[in-house]
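Examination of the molecular architecture
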Amino acid sequence: MPTKPIMITRTPRGTQPSDRTHAGDTTPLWQQALARAIRDPVTLARELELDPAHLPGLHAGHTLFRVRVPRSYLARMRKADPQDPLLLQVLPQQQESEEHPGFVADPVGDHDALAAPGLVHKYHGRVLLLTTGACAVHCRYCFRREFPYAEHNASQDDWAPAIAYIHADTSIREVILSGGDPLSLSDRRLADLVRRLEAIPHLERLRIHTRLPVVLPERVDEQLLSWLGKGRLHHVLVLHANHPREFADPAAPALARLQARGITLLNQAVLLAGINDDPDTLCELQEAGFRHGVLPYYLHLLDRTRGTAHFEVTEHRALELHQALHARLPGYLVPRLVREIPGEPGKTPRWAGL
Ligand SMILES: *Cc1c(COP(=O)(O)O)cnc(C)c1O
Ligand code: SF4
């Protein structure tokens, strides 16, 4: 005889009210975690035991680009340290209101390269699909902080024109899901999109550019793993972490789950003043990534987006740092140092005359 139903419906002992969902509430836990992300600069300061009155630009910066920080990311920051390298990536600063020559709204020319709504075709053999404008975290240095998603993303439940374009161009081997952060879409929508891409015979690879497994590791759940790493296309995940501490718990077990699936894991970082512009931090970033199955991909020179000049590292210093990585790490742990230059056929490598 089957166990009486009462045995299954009883609330498990030790469950806290906050762990429970309402009857019939199927909102995934990661979406609940996202809903609890910090969206207010004063709360961000207070949670880290910082005095908002001592943080100039907190409100001005927030007005330009709204604060968003998941709690699991906040938990990896040091308290009472206004220079914490994770905090500096998300904390609004006074300098964001400054104008600097050459720092503009769309530094990478994405505007001019739209092949279909939400589809950027700039490089041979691969296209970038802007799936959503939403991110789990708002990074202050982001080159898309002023990108007009409302006009240009393909997320209005209509992938049709982008998919028709990819179908028609047999030179395209790889689709890159980007945004925003594509993993902020539901698994239902993503699985639907992936099915439609799998039906395009000349496609071989699906690449996903995402920061979610790092900043919101809750995202790597069974629903995600029910489609990710499966199917006809080879799946490549390009993560984005700039500091070794971003790979710490609770990101580490999420990366282990992805690795267990055989998904290729790469990391791209942005070289950021005051955050990772020293050889020790940059070396440890590559080492920490590799410990979790992540190989380095790109180290980006900052895109010159309005309001981000205070993050810039000079090209001279960047080349010195890159040389230090070559001197200290095995070749496979040295990321390619690149700058994105509008009109070029790919990211442009920078070499220190090695
Ligand atoms: C960065 C980027 C790509 C991917 O380039 P890879 O060198 O393959 O990583 C593709 N399309 C656009 C528009 C890009 O900005
Ligand atoms: S997660 Fe990526 S796209 Fe989103 S704000 Fe950060 S850098 Fe920009």
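Residues numbered from 1 in each chain as written. Chains lettered and ligands numbered in written order. Predicted model: local features only at pLDDT ≥ 70, side-chain atom pairs only at ≥ 80, totals over all residues. Heavy atoms only, no water.

**Observations concerning the side chain of Glu340**
Tracing the backbone shows Glu340 in the loop between strand 9 (336-339) and strand 10 (348-349). Note on Glu340: relative accessible area 13%, which makes it buried. For Glu340, the side chain forms a polar contact with the side chain of Lys347, separated by 3.4 Å. (Helix = DSSP H or I, 4+ residues; strand = E, 2+ residues; numbered from the N terminus. Buried < 20%, exposed > 50% of the residue type's maximum accessible area, 1.4 Å probe, protein only. Polar contact = N/O pair within 3.5 Å; in protein donor to acceptor, adjacent residues only side chain to side chain.)

**Remarks on the pairing of strand 6 (residues 234-240)**
For a regular strand, side-chain orientation follows a simple rule: the groups alternate between the two sheet faces. Within strand 6, 6 of the 7 residues are buried, leaving the element largely enclosed by the surrounding structure. When strand 5 (residues 205-209) meets strand 6, the two strands line up parallel, connected through 5 bridges. Looking across to strand 6, one finds that Arg205 is bridged to His234. Sheet topology note: the strand 6/strand 7 (residues 264-270) ladder contains 5 bridges and is parallel. When the bridges of strand 7 are listed, His240 appears paired with Gln268. For the crossover from strand 6 across helix 11 (residues 251-260) to strand 7, the handedness is right-handed. (Pairing = 2+ DSSP bridges. Right-handed = clockwise from strand over helix to strand, strands pointing away.)

**Here we look at the sheet that holds strand 10**
Spatial strand order, 1-2-3-4-5-6-7-8-9-10: 10 strands in an open sheet with mixed pairing. Both outer strands of the open sheet, strand 1 (114-116) and strand 10, are each paired with one neighbouring strand and no more. One ladder, built from 5 bridges, connects strand 3 (residues 126-130) with strand 4 (residues 174-178); its direction is parallel. Residue pairing across strands places Val127 opposite Val175, the latter belonging to strand 4.

**Describing the nonpolar core**
Side chains of a nonpolar character, in soluble globular proteins, are inclined to be buried together. Leu44 and Leu197 are the most contacted members of the largest nonpolar core, which has 89 residues in total. Looking at this core element by element, the count peaks at 5 residues for helix 8 (residues 187-198). Residue contacts for Leu197: discarding those within four places in its chain leaves Ile163, Ile166, Val175, Leu177, Leu203, Leu206, Arg232 and Leu233. Counting 6 residues, the second-largest nonpolar core is a separate cluster that includes Val238, Leu266, Tyr297 and Tyr298. (Core = buried A, V, L, I, M, F, W, Y, C linked by side-chain atoms within 4.5 Å. Contact = heavy atoms within 4.5 Å.)

**Points about the pattern of salt bridges**
Under the counting rule described, the total for this entry stands at 21 salt bridges. We note a salt bridge from Arg207 to Glu174, for which the minimum N-O separation is 2.6 Å. Taken as a pair, Arg207 in strand 5 and Glu174 in strand 4 lie far apart in primary sequence, 33 residues in all. For the pair formed by Arg207 and Glu174, the shared burial category is buried. Notably, a salt bridge pairs Asp192 with Arg195, separated by 3.9 Å at the nearest N-O pair. Pair noted here: Asp192 and Arg195 are both in helix 8, with a separation of 3 residues, about one helical turn. Asp192 sits in the partly exposed class, given a relative accessible area of 28%. Arg195 sits in the exposed class, given a relative accessible area of 52%. One continuous salt-bridge network, built from bridges that share partners, spans Arg173, Glu174, Glu204, Arg205 and Arg207. (Salt bridge = Lys/Arg side-chain N within 4 Å of Asp/Glu carboxyl O.)

By themselves, these figures tell us nothing about what the structure is for.
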